There are 2 protein chains.
Amino acid sequence: MKHDQFHWEHAGIPKRLLSTLLKKLSPEIDKVKKALKKKYETAYASLSLPHDTKQLRAVETLAKKYKKAGALVVVGIGGSDLGIIAIVEALRGKEHNVMDKKEIYFAETVDPFSIEQIQSKMKEHQKKKEKVVLIIISKSGGTTEPLVNFQVLLKTHKNQKNWKSHTVFITGKGSKLSQAADKLDCPQLEIPPLVGGRYSVFSAVGLFPLAVLGVDVRALLKGARDVQQDCLSKKTSKNPAALGAAIQFHHNRKGLNIFNLFLFNPNLEHVGKWYRQLMGESVGKEFNRTGKKRVHTGITPIVSIGSTDLHSMAQLYFGGPRDKYTQFITLHDHADKIKIPKEKIFADIVEDVQGKTVTDVMNAIEKGVHTTYKKLKLPHTKIELEKRDSYNLGGLLQLKMIEMIYLAFLLDVNPFDQPNVELYKRETKKILKGRNL
Amino acid sequence: MKHDQFHWEHAGIPKRLLSTLLKKLSPEIDKVKKALKKKYETAYASLSLPHDTKQLRAVETLAKKYKKAGALVVVGIGGSDLGIIAIVEALRGKEHNVMDKKEIYFAETVDPFSIEQIQSKMKEHQKKKEKVVLIIISKSGGTTEPLVNFQVLLKTHKNQKNWKSHTVFITGKGSKLSQAADKLDCPQLEIPPLVGGRYSVFSAVGLFPLAVLGVDVRALLKGARDVQQDCLSKKTSKNPAALGAAIQFHHNRKGLNIFNLFLFNPNLEHVGKWYRQLMGESVGKEFNRTGKKRVHTGITPIVSIGSTDLHSMAQLYFGGPRDKYTQFITLHDHADKIKIPKEKIFADIVEDVQGKTVTDVMNAIEKGVHTTYKKLKLPHTKIELEKRDSYNLGGLLQLKMIEMIYLAFLLDVNPFDQPNVELYKRETKKILKGRNL
């Protein structure tokens, strides 16, 4: 995507306020630019990922070995798999595993039913002598759910011949998980220490499984690099990340505590889930950046799917409280060849659709929604992706990550940590230590 | 489920306030009880569905004919399919279509890519001489998306022998769609006029596709009937719907504009999506019940999945703004036999899990989260489902529908209409009439 695909004429922010906020962002843009030169040494490390040719080589070299694999099982949770699912579903559809391609399963949380289903699929492939690649992703190497699932699934996986060469560890250098991989003599890929989970999609975390699936990861990275150019521009009126952050910040300060990411394509739903983590963890903070002031800041991201959610949530959005700022993301299939057949028997039921394409209808619905938002003066912006491909997805995800860094700056919080998550982890560990489950 | 599976000791509502609200609900409970006797004649019509043996017979008789079908394609959107998906995924898992059972596909919004994938699956079955049942669900019979998708998919479907007998219409009596079914001579099932989409899961809308799949719909209805008993009880301190509505109302009045339905089982995600519509459309209203006062009332429902979203949203929930009331829904698999293998190489990575079951770990995580909510004084309640079966699901969905009716009563809005949705529909129609898409 390019900056001119970001439309903000109905953002509902006064021009003067906007330019003040954009000026405020200027030093942060400088900081990010400087950080890029220091590669993986600063908190902004993730921005160097799309430029890392060494990493790309390592990923592609390993991925090549699994060209003939029948299926992938990815064990990971949160930042370790949301980006992968987002891209897989966007490109291959939500029902990708029943279509005629290499399968990919995600073991996320600990649920015996889901794990058993994955086990049975692994066994099916073993029977057919098709190789399964088991991938464990955890930067810290110590997250409970993936470690539990991995141990359970590894037991099944071990019935596969040469299972070791088909078990890939993606983890931080020197983590306990990495040491285990060494002992087992399994291939591993590294996550740079300062790249956090929610910013890791362009690291081996995202690239490796996608490359095995045959996704064009080079285009993905190219999309990210191209958008970086726009998002690091000091011409802030053409910088979509700066504009997006300023608009978001303005509405939050005005009391809108909900951000509605309204994706007008059903296969983008997981992009929304990936975004939930990005926003939830990056700006949902108890303390400000210095750690001294208790602020309880944060914006709750919600994900809507067009046109599906018009039939479930539009009533609330149009009639309910004015507590949301909305961003539409559109992705139309202009190559769409499906014409709605002309049949007399249905002609008077839904008028004016016969002979049109499915995309025409989606366009009309989307425009109808825009007009309604305008008429009701509900603040909204729009990102228009021109194609459903790796390049555009790479751009979108990169834009959102940089925007989040700028938003955190305006909100005076640290976009890279997530200290409060430790709370429940500590409690859980205590309970696991005890006897009464 | 039973009323004693609703836990509200940490609901964060003062006892006196609670009893005042419960008293307020008393006349509404009476009204609902009286309405039940009038069957389908009042706005509360949906409550009669679980008692309707005639409907059940019609559904089961027709469903029997498709016992041998290889796949179902359900064309519907919003209230026409969310309940079905919720139950299918809860019982069969999200990856149900790759598991060894009858497939079911849902054509929701207009998206050429998804529609093409469904078409290709239909063709595959045709090749294998397996029958596909095409089901179109629309009460009004005039919703754009399903009508567009139906016309497109029908074209593919017509290549199937005896396609007419395998095309089922579920629609309102006398709708244009019903007339089309008559002309085509296809089987149809009826949706009672006063049963709205979001309250229709126990009508033919939900029952028929589920019955064809082999789901125990009798248990589903029994679960609903049993919960009705509790939810219509005047002993409000034991009435989970009354309690739930009063607690929800209290927090909304206190300014919490977000309700977090936190489902501690990944296969319940679509129960959350079904609930979003129920809450979004039922209480998201511009005007009060008399239609005279502009109120812009409403609560934004969000759906979280345990433990997955702990790794994406917990930071926001624990550290961010105090703008949410949370309800946990748990569903543990106590028959779980998957033990985490004891392996030296992993023993020190995640401690205290080896030898335990996967469910043990989920229990510990869930308890850890509860303790954290308690410590942070975040208001929350919990519904505990004892089993992943039709009976418990029927109970849960029925509880939520009655709770919503009570909540709307307290908020002084109409739980059954959705007038604002018309806004975008009108705009869309104008655009479809024009030439510039």
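Residues numbered from 1 in each chain as written. Chains lettered and ligands numbered in written order. Predicted model: local features only at pLDDT ≥ 70, side-chain atom pairs only at ≥ 80, totals over all residues. Heavy atoms only, no water.

(A) Structural detail: the pattern of salt bridges. In this structure the tally under the stated criterion is 37 salt bridges over all chains. A:Arg289 is the salt-bridge partner of A:Asp412, the closest N and O atoms lying 4.0 Å from each other. With A:Asp412 in the loop between α14 (390-411) and α15 (422-433) and A:Arg289 in the loop between β8 (285-287) and β9 (294-297), the pair connects residues that are 123 residues apart, well separated along the chain. Taking the shortest distance from any N to any O, the salt bridge between B:Lys324 and B:Asp323 comes out at 2.8 Å. What emerges from the salt-bridge pattern is a single network uniting A:Lys94, A:Glu269 and B:Lys273. (Salt bridge = Lys/Arg side-chain N within 4 Å of Asp/Glu carboxyl O. Helix = DSSP H or I, 4+ residues; strand = E, 2+ residues; numbered from the N terminus.)

(B) How the structure looks around the interface of chain A and chain B. Chain A puts 132 residues into the contact, and the matching count from chain B is 132 residues. Of the roughly 11000 Å² buried between chain A and chain B on both sides combined, carbon and sulfur atoms contribute 63%. Our count for the chain A to chain B interface comes out at 11 salt bridges. Note that B:Lys433 and A:Glu351 form a salt bridge whose closest N and O atoms lie 3.9 Å from each other. Connecting chain A to chain B are 51 residue pairs in polar contact (both at pLDDT 80 or more). The greatest single-element share of the side of chain A that touches chain B, amounting to 14 residues, is contributed by helix α13 (residues 358-375) of chain A. Here the residues of the side of chain A that touches chain B sort into 52 nonpolar, 43 polar and 37 charged. (Contact = heavy atoms within 4.5 Å. Buried area = accessible area lost by both parts, 1.4 Å probe. Polar contact = N/O pair within 3.5 Å; in protein donor to acceptor, adjacent residues only side chain to side chain. Nonpolar A, V, L, I, M, F, W, Y, C, P; charged D, E, K, R; others polar.)

(C) Just the packing of helix α9 (residues 240-253) of chain B against helix α14 (residues 390-411) of chain B, in detail. All names here are of chain B. Interhelical geometry of α9 versus α14 gives an angle of 45° and a closest axis separation of 8 Å. Judged on the interaxial angle alone, α14 and α9 are oblique. In the packing of α9 onto α14, the handedness of the crossing is right-handed. Here α9 contributes Pro240, Ala241, Ala242, Gly244, Ala245, Ala246, Gln248, Phe249 and Asn252 to the contact with α14, which in turn contributes Leu399, Ile402, Glu403, Tyr406, Leu407, Leu410 and Leu411. Along the lines of polarity and charge, the residues of the contact of α9 with α14 split into 12 nonpolar, three polar and one charged. (Axes fitted to C-alpha atoms, helices over the stretch in contact; angles between N-to-C directions. Parallel < 35°, antiparallel > 145°, perpendicular 65-115°, else oblique. Left-handed = near helix turned anticlockwise from the far one by under 90°.)

(D) Quick look at α14(A). Residue and element names in this part refer to chain A. For α14, spanning 22 residues, the distance from its first C-alpha to its last is 31 Å, which sits close to the expected 32 Å at 1.5 Å a residue. With 21 of its 22 residues buried, α14 lies for the most part within the structure. Directly beyond the C-terminal end of α14, a positive phi value near 60° is found at Asp412. (Expected span 1.5 Å × (residues − 1). Buried < 20%, exposed > 50% of the residue type's maximum accessible area, 1.4 Å probe, protein only.)

(E) The arrangement of unusual backbone geometry in detail. Residue A:Ser307 is reached from A:Gly306 by a cis peptide bond, and omega for that bond is -5°. Not every positive phi belongs to a glycine, and B:Lys39 is a case in point at roughly 50°. Its place among the elements puts B:Lys39 in the loop between α1 (15-37) and α2 (53-64). Unlike most non-glycine residues, B:Asp412 shows phi in positive territory, near 60°. Classification of B:Asp412 as partly exposed rests on a relative accessible area of 32%.

(F) Here's a closer look at the relation of the copies chain A and chain B. The two copies are related by a screw operation: chain A maps onto chain B through 180° of rotation and 0.0 Å of translation along the axis, at an RMSD of 0.0 Å. Taken together, the turn and the small shift mark the pair as related by a two-fold rotation axis. Across chain A, the smallest distance between a C-alpha and the rotation axis is recorded for A:Val98, namely 2.9 Å. Looking at the interface residues of chain A, 100% of them are also at the interface in chain B, so both copies use one shared face. (Least-squares fit on C-alpha atoms with pLDDT ≥ 70 in both.)

(G) Inspection of the pairing of strand β5 (residues 167-172) of chain A at higher detail. All names here are of chain A. By the criterion of burial, β5 is predominantly enclosed, with six of the six residues buried. Note: strand β4 (residues 132-138) against β5, five bridges, orientation parallel. Among the inter-strand pairings, Leu134 is bridged to a residue of β5, identified as Thr167. In this fold, β4 hands off to helix α5 (residues 144-157), which returns the chain to β5; that crossover is right-handed. Pairing geometry for β5 and strand β6 (residues 188-191), over four bridges, is parallel. (Pairing = 2+ DSSP bridges. Right-handed = clockwise from strand over helix to strand, strands pointing away.)

(H) Seen up close, the environment of B:His332. Structurally, the position occupied by B:His332 is in the loop between β11 (324-331) and α12 (344-347). Along the backbone, B:His332 and B:Met362 are 30 residues apart, and their C-alpha atoms lie at a distance of 8.1 Å.

(I) Structural detail: the sheet that holds strand β11 (residues 324-331) of chain A. Residues and elements named next belong to chain A. Read from one edge to the other, the open sheet built from five strands follows the order β1-β12-β11-β7-β10, with strand pairing classed as mixed. Every interior strand has two partners, whereas the edge strands, β1 (6-7) and β10 (300-305), have only one. Pairing analysis gives six bridges linking β11 to strand β12 (residues 380-385), with the strands arranged parallel. Across the sheet, residue Leu331 finds its bridge partner in β12, namely Leu385. The strands that α14 touches are β11 and β12; relative to β12, the one it contacts most, it runs at about 150°.

(J) Structural view of the pairing of strand β4 (residues 132-138) of chain B. Residue and element names in this part refer to chain B. Most of β4 is tucked away, with seven of its seven residues classed as buried. Covered by surrounding structure in β4 are Val132, Leu134, Ile136 and Ser138 together with Val133, Ile135 and Ile137, the residues of both alternating faces. Alignment of strand β2 (residues 71-75) against β4, held across five bridges, turns out to be parallel. By the bridge assignment, Val75 is partnered in β4 with Ile136.

(K) Focus on a positive patch on the surface. A surface patch of positive charge is lined by A:Lys33, A:Lys34, A:Lys37 and A:Lys38. Taking the relative accessible area as the measure of exposure, A:Lys34 reaches 62% and is therefore exposed. (Patch = residues over 30% accessible without salt bridge, like charges linked within 9 Å, V, L, I, M, F, W, Y side chains within 5 Å. Areas by Shrake-Rupley, 256 points an atom, 1.4 Å probe, with all protein chains shown as cover. Lys, Arg positive; Asp, Glu negative; His and termini not counted. Charge placed at Lys NZ, Arg CZ, Asp CG, Glu CD.)

(L) Summary view of the packing of aromatic side chains. Counted according to the given criterion, the structure contains 26 aromatic pairs over all chains. A centroid spacing of 5.0 Å and a plane angle of 85° characterise the contact between A:Phe328 and A:Tyr373, whose relative ring orientation is edge-to-face. With A:Phe328 in strand β11 and A:Tyr373 in helix α13, the pair connects residues that are 45 residues apart, well separated along the chain. Note on accessibility: A:Phe328 and A:Tyr373 belong to one class, buried. These aromatic residues form a ring-pair network of at least three members: A:Phe262, A:Phe264, A:Tyr317, A:Phe318, A:Phe328 and A:Tyr373. In this structure, B:Arg388 is placed above the aromatic ring of A:Phe113, and the distance from its NZ or CZ to the ring centre is 3.7 Å. (Phe/Tyr/Trp six-rings, centres within 6.5 Å; stacked < 30°, edge-to-face > 60°. Lys NZ or Arg CZ within 6 Å of the ring centre and 35° of its normal.)

(M) Focus on the domain arrangement of chain A. All names here are of chain A. If you check the domain split of chain A, you get domain 1 (3-35 + 220-421) and domain 2 (43-215). On a C-alpha basis, the centroid separation for the pair domain 1 and domain 2 is 29 Å. Contact residues are listed per partner, giving 37 residues for domain 1 and 26 residues for domain 2. Buried surface at the junction of domain 1 and domain 2, summed over both partners, amounts to about 2900 Å²; 66% is from carbon and sulfur atoms. Considering only the side of domain 1, the residues that lose the most area to domain 2 are Leu221, His270 and Phe416, jointly responsible for 23% of the buried surface there. Linking domain 1 with domain 2 are two salt bridges, by the criterion used here. A salt bridge links Lys94 to Glu269; the shortest N-O distance between them is 2.5 Å. One can count 18 residue pairs in polar contact (both at pLDDT 80 or more) joining domain 1 with domain 2. When the residues that make up the side of domain 1 that touches domain 2 are grouped by side-chain class, the tally is 18 nonpolar, nine polar and 10 charged. (Domains from an automatic or database assignment.)

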